[in-house]
Amino acid sequence: MPLPDPAVSLMPVRSAELVVGKPLRETIYDWHGNVLLAAGYVLENQVQVDELIDNGFIKDSAWDLVPPAPRSSMPMAQSKKPVVAEPPKEENNAGKDVIVAMDDVRWYVGETLYLQLIDNSAVRYTVRMIGFVKNKTLSVTAPVTDGKFEFVRDGQTFIVRAFSGKKAYAFVTAAVKSVHSPHPYLHLAYPKEVRCTVVRKGIRAEVEIVAAVSLGSPERSCAAIITDLSMGGASATIKQMIGSKGEEGQIKFKVRAVGQDEFLNLKMVLRSVGPSENGEGFKHGFEFVDVSIHDRLILSAFVHQTLAEGD
């Protein structure tokens with residue numbers, strides 16, 4: 001299968017591009033850039049379509065801002081090979097914002113959105129999208145704190161954030177109407193524009209999570225405190241050095257992602273070890289390997305939620 005260009009950014013595949021019995025127009029990747037299905041593959045059933053909607057990404061041409069190749073002053077007959085502009089590395093796109101239309105953002109019913117009051121940044125809510133009327137309103141579940149519905153007055157303004165794969169989205173909106181019957185939900189003004197940022201590869205969230213680590217053969221186990229976490233790995237402080245670089249093991253910990261407690265038991269490899277910055281114990285760097293799609297989604301939700309709450 002063809003490998004993706006490392007300079008190319010990815011965006012979620014749209015359901016309209018996936019039709020059972022018809023060949024794919026574009027190669028589809030997972031969010032790490034690994035090929036899932038090559039262009040031309042004929043989708044066999046709806047199960048495949050549903051899995052690709054959840055986990056598939058395509059090349060995002062809007063981010064491939066490659067300048068045109070300069071014309072060589074040498075006649076073509078004398079030029080040994082054409083001059084090709086060097087494509088930008090994806091890391092160069094990281095952190096850069098572009099403005100996209102709401103219609104170009106693929107969000108679904110059930111998508112997690114994070115609301116932050118503009119006039120009081122300490123007030124934050126986690127809600128889910130339940131629908132929209134194009135160019136009118138976006139409907140979300142009513143904000144809840146400690147099991148109680150929050151009162152939102154008409155006209156209150158929010159910064160709304162969401163994450164999808166390698167992209168972070170944000171827009172400003174206002175509450176149009178709080179509805180209380182038959183079920184509480186909130187109408188937000190439909191955004192004309194959404195700010196999109198490429199999340200840099202390996203972005204980490206600062207955390208403090210108790211974990212259980214086991215390493216090597218014979219197995220050695222101990223408690224650890226995870227201090228930063230990404231979808232690809234973690235740094236953890238342990239009272240003593242428990243292994244050597246390259247040793248494999250397991251790391252177990254609990255996170256709260258989108259309102260639910262999730263237990264993770266991940267295979268990992270010890271990549272670095274050294275004294276911690278504060279002189280207490282040793283800092284260990286672990287790389288996660290063979291992470292399932294389910295666990296990957298939990299990690300993604302937790303990391304992005306932690307980053308959103310920390311802004």
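The shown structure was predicted, so the numbers you read here are calculated from the model rather than taken from an experiment.

Novice: Help me understand the overall build of the chain in this model?
Specialist: Helix and strand content of the chain: three helices and 20 strands. A separation threshold of at least 6 residues defines the contact pool for the chain, and within that pool the share at least 24 residues apart is 58%. Working note: accessible area of the chain is about 17,600 Å², and carbon and sulfur atoms make up 53% of it.

Novice: Any chance you could explain the pairing of strand β20 (residues 282-288) here in plain terms?
Specialist: When a strand is regular, its side chains alternate between the sheet's two faces. Alignment of strand β17 (residues 233-238) against β20, held across six bridges, turns out to be antiparallel. What sits directly across from Gly233, in β20, is Glu287. With seven bridges connecting them, strand β19 (residues 260-275) and β20 associate as antiparallel partners. Opposite Val273, over in β20, you have His284 as the bridge partner. Where β19 hands over to β20, the hairpin turn is made up of six residues, of which Gly279 adopts a positive phi near 80°.

Novice: How do you make sense of the confidence of the model for the chain when you look at a structure like this?
Specialist: Fine structural detail should not be taken from predicted coordinates in areas where pLDDT scores are low. Scored by pLDDT, the chain has a mean of 78; 78% of the residues are at 70 or more. Within the chain, the element-level pLDDT minimum falls on helix α2 (residues 90-93), averaging 43, and the maximum on strand β13 (residues 185-189), averaging 95. Under a pLDDT of 50 for its full length, residues 1-8 has, in the predicted model, 19 contacts with residues more than four places off or in other chains. Contacts from residues 62-95, a stretch scored under 50 in pLDDT, to residues over four places away or in other chains number 35 contacts.

Novice: Any chance you could explain the pairing of strand β15 (residues 205-215) here in plain terms?
Specialist: Direction of pairing for β15 relative to strand β16 (residues 220-229): antiparallel, over a ladder of nine bridges. Its bridge partner being in β16, Ala211 is matched across the sheet by Ala224. Between β15 and β16, which pair antiparallel one after the other, the connecting turn spans four residues, and Gly216 there sits at a positive phi close to 80°. Of the pairings in the sheet, the one linking β15 to strand β18 (residues 248-257) comprises five bridges and is antiparallel in character. Note that in β18 the partner of Leu215 across the bridge is Gly249.

Novice: Explain the side chain of Thr27 here, please?
Specialist: Its place among the elements puts Thr27 in the loop between β1 (10-12) and β2 (28-29). Under the relative-accessibility criterion, Thr27 is labelled buried at 14%.

Novice: Explain the packing of aromatic side chains to me, please; I cannot follow it from the model alone.
Specialist: Aromatic ring pairs are reported here in terms of the distance separating the ring centres and the angle at which the planes meet. Scanning all chains against the criterion turns up one aromatic pair. With centroids separated by 6.1 Å and ring planes inclined at 45°, the aromatic side chains of Phe132 and Tyr190 adopt a geometry described as tilted. Here Phe132 is found in strand β7 (residues 124-133), whereas its partner Tyr190 is found in the loop between β13 and β14 (193-198), with 58 residues between them in sequence. With a relative accessible area of 12%, Tyr190 lands in the buried category.

Novice: Please clarify how the nonpolar core should be interpreted in this entry.
Specialist: Looking at soluble globular proteins, one finds that nonpolar side chains tend to be buried together. Judged by nonpolar contacts, the single largest core of 30 residues is most densely connected at Ile226, Leu229, Ile251, Phe253, Phe288 and Leu299. For this core, the secondary structure elements donating two or more residues are β15, β16, β17, β18, β19, β20 and α3 (293-310). The element contributing the most residues to this core is β15, with six residues. Ignoring any residue separated from it by four or fewer positions in sequence, one finds Phe288 in contact with Leu229, Ser230, Met231, Gly232, Gly233, Ala234, Ile251, Phe253, Leu266, Lys267, Met268 and Leu299. Counting 23 residues, the second-largest nonpolar core is a separate cluster that includes Val127, Val152, Phe158 and Leu188.

Calculation criteria
- Chains are numbered independently. Their residues run from 1 in the order of the written sequence.
- A pLDDT threshold of at least 70 governs which residues receive local features in this predicted model, and a stricter bar of 80 or more applies before side-chain atom pairs are shown or counted, although totals over entire chains, interfaces and linings include all residues.
- Calculation of side-chain values draws on the structure's entire complement of heavy atoms; hydrogens and water are dropped beforehand.
- Going along the chain from the N terminus, every DSSP run of H or I of four or more residues is numbered as a helix, and every run of E of two or more is numbered as a strand.
- Residue contacts follow a heavy-atom distance rule, with two residues in contact if any of their heavy atoms lie within 4.5 Å.
- Here the Shrake-Rupley method, with its probe set to 1.4 Å, supplies the accessible areas, and only the displayed protein chains count as covering residues.
- Only when DSSP finds a minimum of two bridges between them are two strands counted as paired.
- Each residue carries a pLDDT score, the predictor's own confidence in it, on a scale running from 0 to 100.
- For every residue, the accessible area obtained with a 1.4 Å probe (protein chains only) is divided by the maximum for its type, and the residue is called buried under 20%, exposed over 50%, and partly exposed between those limits.
- The aromatic pairing rule takes the rings of Phe, Tyr and Trp, using the six-membered ring of Trp, and pairs them if the centres are within 6.5 Å, calling planes under 30 degrees apart stacked, those over 60 edge-to-face and the rest tilted.
- Definition of nonpolar core: a set of buried residues of the types Ala, Val, Leu, Ile, Met, Phe, Trp, Tyr and Cys, connected through side-chain atoms within 4.5 Å.

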